[in-house]
Amino acid sequence: MKHKRTFLKAMAVAALATLGMSSAMAADITGAGATFPFPIYAKWAEAYKKATGTGLNYQSIGSSGGVRQIRAKTVAFGATDAPVPGADLDKDGMVQFPAIIGGTVPVINLEGFKPGELRVTGPVLAEMFLGKVAKWNDPKLVALNPGKTLPDQNITVVHRADGSGTTYNWTDYLTVISKDWADSVGRGAAVKWPAPSSVGGKGNEGVAANVNRVKGALGYVEYAYVKKNNMNFLQLQNADGKYVSPDDDAFASAAAGADWFSVPGMGISMVNAKGVKSWPVSTASFILMYKEPADKAQSAEVLKFFDWAFKNGKGMAAELDYVPLPDALTAQIRTKVWSQIAK
C-alpha cells in the first residue's frame, strides 16, 4: 500500500489543483456534488483532458449540494452518494446510475497506535457516535482490544457539517447495526449528532482535517482521504464476524452480490454486506442527469466522459482503492439508463 500512498500524494497536488481552478477557465463539462468520489473524478478528468481536450469543472460541494445544483439546472450532472428515490427521479424527470464504488472508514486521532491496530464492532461504534462510549479506555473498547493500553482520553466525534451522502451511508450502516441508533437518530444526509463532544467539518476534506487536528477524535471519511492524509483508522467487524481493514478488495467483496436493478434508480444499499472479506460500509456514488436536458450537447459530453472513464479509468480507480464498475454493469447502464436521455 505504500506505493499507492505515494502515488496519491503526487496525484492530489496536481489533480486537486486542476479541479479547484476557477470556472473562468472555461471547462467544457460542468458537474457538482459528492466529495466521496472527488479524488477519482479529478484523476479521470486530468487524463480525459489529455486524451480528448475536453475539460471538466467539478465542484466538490457535498451530495446535497449536488442534488440542489442539478435540480436548479446550473450543472450538466449532479453527483450524490445518497441515492435519490425512484419516485423523486420520476418527478424530476431524471435518471440515476452508479459511477464508482468505494468505502467509508472510521478514522481516529490516537497516539501510540498504528493504522488498523485497534478494533471495533458495529454496535460499539454506534455507541461511540451516540456519546455513550465517551472515553477511549471504556471497558467495551478495552474488551475488544486485549493487550492494548487504551488512554483515559475523551472521544470527540467529528462529523459532516454539510448535507452529505457520506453521512447518509454512514448513518445507514449505524441504523442497520444498532437499534439504539435507529430509534434515536436514524439515517439521513444530515442528522442531529447526539454525542455531547462533537465538531463538524465541511466535506470529507473538512472531517479529515478536524480529525487530524483534534486529539482523541473519531470521524468518518472516504478511504481515499484516509490515504491522502495518512490517517489512522479502526478495523471493523463485518456481517460474517470477521475484523477487516478497508481496501479495494474489501469494497469489491461487499459489492459482489449487488442487485443493481432491484431498486428504482439503481439506489441499492451495500452496508453490512455478507462476505468474509467485505467492508461493512461500502457504497456507490451516483450520477444524476435529466432525461430531457436543456443543453443536449453538454449532456452528450457528460456521457462521453463517463463512457471513457468506464472503459479507460479502471486502473486509475484501483490505484486510489476505489472499485470500478464491471463491464457487464456498465453495458447495462448504457442500454437501460443512458438510452433514456434525449440526444
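Residues numbered from 1 in each chain as written. Predicted model: local features only at pLDDT ≥ 70, side-chain atom pairs only at ≥ 80, totals over all residues. Heavy atoms only, no water.

### Some remarks on the environment of Ala99
Just so we agree on the cut-off: Segments assigned H or I by DSSP are reported as helices when at least four residues long, segments assigned E as strands when at least two residues long, and all are numbered from the N terminus. Working rule for contacts: check all heavy atoms of both residues, and any pair within 4.5 Å makes them a contact.
Mapped onto the fold, Ala99 is located in strand S4 (residues 94-108). On a C-alpha basis, the gap between Ala99 and Lys114 in space is 32 Å, while along the polypeptide they are 15 residues apart. Setting aside residues no more than four positions away along its own chain, Ala99 makes contact with Tyr41, Trp44, Ser285, Ile287, Phe306, Phe310 and Leu325.

### Here we look at the sheet that holds strand S5 (residues 119-120)
Put simply, the rule is: Two strands are said to pair when DSSP picks up at least two bridges between them.
On the basis of which strands lie adjacent, the open sheet formed by 3 strands has the order S5-S10-S11 and mixed pairing. Edge strands, defined here as strands with exactly one partner in the open sheet, are S5 and strand S11 (243-244). In this sheet, S11 lies alongside strand S10 (residues 235-237) in antiparallel orientation, the contact comprising 2 bridges. Across the sheet, the residue bridging to Leu236 is Val244, located in S11.

### Overview of the confidence of the model for the protein
Heads up, the rule is: Scored between 0 and 100, pLDDT is the confidence that the predictor attaches to each residue.
Counting all residues, the mean pLDDT for the protein is 92, and 92% of those residues have values of 70 or more. A low-confidence stretch, residues 4-27 stays under pLDDT 50, and its non-local contacts, those more than four residues away or across chains, total 39 contacts.

### Section: the environment of Met231
Applied cut-off: Each residue is placed in one exposure class: buried if its accessible area under a 1.4 Å probe, protein chains only, is under 20% of its type's maximum, exposed if it is over 50%, and partly exposed if it falls in between.
Tracing the sequence through the fold places Met231 in the loop between helix H10 (223-228) and strand S9 (232-233). A residue is classified by how much of its surface remains accessible, and Met231, at 3% relative accessible area, is buried. Taking the C-alpha atoms as reference points, Met231 and Asn109, separated by 122 residues in sequence, lie 7.8 Å from one another.

### Some thoughts on the pairing of strand S3 (residues 77-80)
Residues Phe77 and Ala79 of S3 are buried on one face, and the alternating residues Gly78 and Thr80, pointing to the opposite face, are buried as well. Where strand S1 (residues 29-33) and S3 come together, 3 bridges link them in parallel fashion. Counted as the bridge partner of Gly31 is Phe77 from S3. Summarising the sheet, S3 and strand S12 (residues 282-290) pair through 3 bridges and their orientation is antiparallel. Of the residues in S12, the one forming a bridge with Thr80 is Phe286.

### A word on the pattern of salt bridges
Under the convention used in this document: Salt bridge, as applied in this entry: a Lys or Arg side-chain nitrogen positioned within 4 Å of an Asp or Glu carboxyl oxygen.
Under the definition given, this model contains 16 salt bridges. Between Lys140 and Glu127 there is a salt bridge, with its nearest N and O atoms 2.8 Å apart. Taken as a pair, Lys140 in helix H6 (residues 139-144) and Glu127 in helix H5 (residues 122-130) lie far apart in primary sequence, 13 residues in all. A relative accessible area of 38% means that Lys140 is categorised as partly exposed. A salt bridge links Lys311 to Asp307; the shortest N-O distance between them is 3.1 Å. Taken together, the positions of Lys311 and Asp307, both in helix H12 (residues 296-312) and 4 residues apart, correspond to about one turn of that helix. Classification of Lys311 as exposed rests on a relative accessible area of 55%.

### Re the nonpolar core
Spelled out, the test is: Side-chain atoms within 4.5 Å link the members of a nonpolar core, which is a set of buried Ala, Val, Leu, Ile, Met, Phe, Trp, Tyr and Cys residues.
Core analysis: the biggest nonpolar cluster contains 96 residues, and Phe97, Leu125, Met128, Phe129 and Phe306 have the highest contact counts within it. Considering every element that reaches this core, the biggest residue donor is S4, with 8 residues. Not counting residues within four places of it along the chain, the set of residues in contact with Leu125 comprises Pro106, Val120, Trp170, Tyr173, Leu174, Leu218, Leu234 and Leu236. By size, the runner-up hydrophobic cluster in this structure holds 9 residues, among which are Val67, Val75, Val84 and Leu89.

### Points about the packing of helix H2 (residues 38-52) against H12
Think of two packed helices as two axes; the pair is described by the angle between the axes and how far apart they sit. Put simply, the rule reads: Angles shown run from 0 to 180 degrees and are taken between the N-to-C directions of axes, each axis being a line fitted to C-alpha atoms and, for helices, limited to the stretch in contact. Here is the rule for angles: anything less than 35 degrees is roughly parallel, anything more than 145 is roughly antiparallel, 65 through 115 is roughly perpendicular, and the remaining ranges are oblique. Basically, the charged four are Asp, Glu, Lys and Arg, the nonpolar ten are Ala, Val, Leu, Ile, Met, Phe, Trp, Tyr, Cys and Pro, and anything else, Gly included, counts as polar.
Taken N-terminus to C-terminus, the directions of H2 and H12 make an angle of 105°; their axes are 10 Å apart at the nearest point. Looking at the two axes, H2 sits roughly perpendicular to H12. Residues Tyr41, Trp44, Ala45, Ala47, Tyr48 and Ala51 of H2 form the contact with H12, whose own contacting residues are Glu301, Lys304, Phe305, Phe306, Trp308 and Ala309. A breakdown of the residues in the contact of H2 with H12 according to their chemical character gives 10 nonpolar, no polar and 2 charged.

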